Amino acid sequence: MSKDKDMDYYKLREKRSVTAEKVVKILQEHGTIINIEKAQKVLELIYKLSNLSMKETLRRVSNHTLKNNLRRFTRHKRRRKGNENS
């Protein structure tokens, strides 16, 4: 799949509770005036960054969990009797 088709798939699947109109209203309350088209672009960027952040967080958590599980089940070498350095 190309990148454009991937992004279209995610646009259809994810729930978006914030609309461009809400973004325009929120920004106007804070003194920034933008049009609907720019608000849609801002929303796209926010959703892309949040998806990227979640993927990275989940990847880190799964890698950390995997490392901890491997560490827990590693086999330790037996120390020889009379050898103080091992």
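Here we summarise the structure given alongside this text. Bear in mind that the values here come from a model prediction, so they are computed numbers and not experimental data.

## Focus: the overall build of the chain
- Within the chain one finds 3 helices and 0 strands.
- In sequence order, the secondary structure elements of the chain are arranged as α-α-α.
- Burial statistics for the chain: of 86 residues in total, 8% are counted as buried.
- Taken as a whole, the chain presents about 8600 Å² of accessible surface, with 55% of it coming from carbon and sulfur.

## Side note on the nonpolar core
- Core analysis: the largest hydrophobic core is formed by 7 residues, namely A20, V23, V24, I34, A39, L43 and Y47.
- Broken down by secondary-structure element, the contributors of at least two residues to this core are α2 (20–29) and α3 (36–72).
- In this view, I34 contacts V23, V24, L27 and A39; residues no more than four positions away in its chain are not counted.

## Looking at the pattern of salt bridges
- Per the stated rule, a full pass over the model turns up 2 salt bridges.
- For R59, the salt bridge identified is with E56, shortest N-O distance 2.5 Å. Highlighted residues: R59 and E56, both in helix α3, separated by 3 residues, approximately one helical turn.
- On the basis of relative accessible area, E56 is assigned to the partly exposed category, the value being 28%.
- Where R60 meets E56, a salt bridge forms, and the shortest distance between an N and an O atom there is 3.3 Å. Residue R60 and its partner E56 are both found in helix α3; the two are separated by 4 residues, about one turn of the helix.
- Judged by relative accessible area, which is 56%, R60 ranks as exposed.
- If you follow the salt bridges from partner to partner, you end up with E56, R59 and R60 in one network.

## Thoughts on a nonpolar patch on the surface
- Taken together, the side chains of L45, L49 and L52 make up a nonpolar region of the molecular surface, amounting to roughly 300 Å² of accessible area.
- Relative to the elements of secondary structure, L45 occurs in helix α3.
- Residue class for L45 comes out partly exposed when judged on its relative accessible area of 48%.

About the thresholds
- Residue indices begin from 1 for each chain and proceed along its sequence in written order.
- For this predicted model, a pLDDT threshold of at least 70 governs which residues receive local features, and a threshold of 80 or more governs which side-chain atom pairs are given and counted, while totals over whole chains, interfaces and linings are taken from all residues.
- To obtain the side-chain values, all non-hydrogen atoms of the structure were used and water was disregarded.
- Helix and strand definitions here come from DSSP, where helices need a minimum of 4 consecutive H or I residues and strands a minimum of 2 consecutive E residues; each element is numbered from the N-terminal end.
- Three exposure classes are used, based on accessible area relative to the maximum for each residue type with a 1.4 Å probe and protein chains only: buried under 20%, partly exposed in between, and exposed over 50%.
- Shrake-Rupley sampling with a 1.4 Å probe provides the accessible areas, and residues are treated as covered by the protein chains on show and by no other component.
- Among buried residues, those of type Ala, Val, Leu, Ile, Met, Phe, Trp, Tyr and Cys that are joined through side-chain atoms within 4.5 Å constitute a nonpolar core.
- Two residues form a contact once any of their heavy atoms are found within 4.5 Å.
- Note on definitions: salt bridges are taken to be side-chain nitrogens of Lys or Arg within 4 Å of carboxyl oxygens of Asp or Glu.
- To count toward a patch, a residue needs a relative accessible area above 30% and no salt bridge. Like charges then connect within 9 Å, nonpolar side chains (Val, Leu, Ile, Met, Phe, Trp, Tyr) within 5 Å.

These figures capture arrangement, not role.
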